[in-house]
Amino acid sequence: MRLLITRPREDSEPLAALLNERGFETILDPIMTIFDIDAPEMDLSGIQALLMTSANGVRAFARREEDRQTPVYVVGDASAQVARDLGFIAV
């Protein structure tokens, strides 16, 4: 069986590898590209926790900020795993 994966490339590649191991043929054709934009520095003083709604959001925040101590709330297992992999302490 051949499967088309349209998620952003960074998310598609691990999924494709897993599916290939299970005998599926995969085609990667991302319909969205994730990129960072220049933005002012964030002031996190007084912040008690962060809410992140996607693995891409976790990665984007981690590229901009060194803070890994502030608790992080995420919406799913994939986002939680990315947060842990990037060194966030309380996920």
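Conventions adopted
Residues numbered from 1 in each chain as written. Predicted model: local features only at pLDDT ≥ 70, side-chain atom pairs only at ≥ 80, totals over all residues. Heavy atoms only, no water. Axes fitted to C-alpha atoms, helices over the stretch in contact; angles between N-to-C directions. Helix = DSSP H or I, 4+ residues; strand = E, 2+ residues; numbered from the N terminus. Parallel < 35°, antiparallel > 145°, perpendicular 65-115°, else oblique. Left-handed = near helix turned anticlockwise from the far one by under 90°. Contact = heavy atoms within 4.5 Å. Nonpolar A, V, L, I, M, F, W, Y, C, P; charged D, E, K, R; others polar.

## Observations concerning the packing of helix α2 (residues 55-64) against helix α3 (residues 77-85)
Part 1 of the reasoning: Between α2 and α3, whose axes approach to 8 Å, the crossing angle comes to 20 degrees. Considered as vectors, α2 and α3 are oriented roughly parallel to each other. As for how α2 packs across α3, the hand of that crossing is right-handed. Within the contact between the two elements, α2 uses Ala-55, Val-58 and Arg-59 and α3 uses Ala-78, Ser-79, Val-82 and Ala-83.
Part 2 of the reasoning: For the contact of α2 with α3, the class distribution of residues is five nonpolar, one polar and one charged.

## Looking at the environment of Arg-7
Part 1 of the reasoning: Here Arg-7 lies in the loop between β1 (2-5) and α1 (9-21).
Part 2 of the reasoning: C-alpha separation for the pair Arg-7 and Met-32, spaced 25 residues apart in sequence, amounts to 6.9 Å.
Part 3 of the reasoning: Apart from the residues lying within four places of it in its own chain, the contact partners of Arg-7 are Ser-12, Leu-15 and Pro-30.

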